[in-house]
Amino acid sequence: MQGQVAVVTGGTGVLGAAIVQRLTEAGVRVSVPARTDVDLTDPTSVRAFFDGVVHREGRLDILVNCAGGFAMGGIDEDPGVWDAMMSSNATTAYLCCHAAVVQMKAKRRGRIINVASLVAVERGAANKSAYAASKAAVLSLTYSLAAELMPFGITANAIVPTVIDTPSNRKDMPDADTSTWLDPACL
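Since the model is a prediction, treat every value here as computed from it, not as a measurement.

Novice: What is the right way to read helix 2 (residues 43–57) from this model?
Specialist: Every α-helix winds through 3.6 residues per turn, so residues three or four apart in the chain are directed the same way. The terminal C-alpha atoms of helix 2 lie 21 Å apart, and with 15 residues this matches the ideal 21 Å at 1.5 Å per residue to within 8%. The complete set of buried residues in helix 2 reads Ser45, Val46, Phe49, Phe50, Val53 and Val54. Along its buried surface, helix 2 packs onto strand 1 (5–9), strand 2 (29–31), strand 3 (62–65) and helix 3 (80–107).

Novice: Would you take a moment to explain the layout of surface pockets for this structure?
Specialist: Computed from the structure, the largest pocket encloses a volume of approximately 1100 Å³. Together, 42 residues line the largest pocket, and Cys66, Ala67, Gly68, Gly69 and Phe70 are the ones closest to its centre. Among the elements of the structure, helix 1 (14–25), helix 3, helix 4 (118–121), helix 5 (129–149) and helix 6 (167–172) are those that each provide at least two residues to the lining of the largest pocket. Of the residues in the lining of the largest pocket, the class split is 19 nonpolar, 17 polar and six charged.

Novice: Please explain the nonpolar core as it appears in this structure.
Specialist: Generally speaking, a soluble globular protein has its nonpolar side chains buried in company with each other. Core analysis: the biggest nonpolar cluster contains 30 residues, and Val7, Val46, Phe50, Leu60, Leu63, Met104 and Ile112 have the highest contact counts within it. Among the secondary structure elements, those contributing two or more residues to this core are strand 1, helix 2, helix 3, helix 5 and strand 5 (154–159). With eight residues, the top contributor of residues to this core is helix 3. Beyond its immediate chain neighbours, meaning those up to four positions away, Leu60 contacts Val5, Ala6, Val7, Phe50, Val54, Ala100, Gln103 and Met104. If you look at the next biggest cluster of nonpolar residues, it comprises twelve residues, including Ala6, Ile19, Val28 and Val115.

Novice: Before we go on, may I ask you to explain unusual backbone geometry in this structure?
Specialist: Residues apart from glycine generally show negative phi values, whereas peptide bonds are mostly found in trans. A positive phi angle, close to 55°, is found at Arg108, a residue other than glycine. By the element assignment, Arg108 lies in the loop between helix 3 and strand 4 (110–115). Residues other than glycine seldom take positive phi values, yet Asn127 does so here, at roughly 65°. Inspection of the secondary structure puts Asn127 in the loop between helix 4 and helix 5. A relative accessible area of 44% places Asn127 in the partly exposed class.

Parameters and conventions
Residues numbered from 1 in each chain as written. Predicted model: local features only at pLDDT ≥ 70, side-chain atom pairs only at ≥ 80, totals over all residues. Heavy atoms only, no water. Helix = DSSP H or I, 4+ residues; strand = E, 2+ residues; numbered from the N terminus. Expected span 1.5 Å × (residues − 1). Buried < 20%, exposed > 50% of the residue type's maximum accessible area, 1.4 Å probe, protein only. Contact = heavy atoms within 4.5 Å. 1 Å grid on protein atoms, 1.4 Å probe; cavity = no way out; pocket = protein on both sides within 12 Å on 5 of 7 lines; lining within 4 Å. Points joined across faces, edges and corners; volume = space filled by probe spheres on them. Nonpolar A, V, L, I, M, F, W, Y, C, P; charged D, E, K, R; others polar. Core = buried A, V, L, I, M, F, W, Y, C linked by side-chain atoms within 4.5 Å.

Quick look at the structure:
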């Protein structure tokens, strides 16, 4: 991996920072889009960021889509939660994959890693309908990309962690059993 170039969305979050650290320790040059500079829900902004990475680094080898959000909420709660979860999880992953693939196809090589969630595999979860659906979209996107991009030497995989032990998850789920939660450094 020495000398490769990666983009890690959500690289300033708990999980993203652990991924960035792992990659940099392996000799990868990592770019992390900052929320203040790049709107990952805007196609023009995303494309400009990825074009800038390739202009600066000369290539793009790896994309890790770790940006996203989490919100509890049942179906009878604010429908805005649906839009927020789809936007922060599915739309950001789609737009970043779209921009990265343009660069990777030209080199006929690349690696895409999307962060989904175990809840997307386990057929959903009560009071997490919008979150579960958005992560299922990320997982389905990954399956589709894997099939579509294989002829171009580009792989697409997803990791599907269970709950990650972060301060925000502890705040959002104060009564949860945290004994099975994942340490972000494990991923």
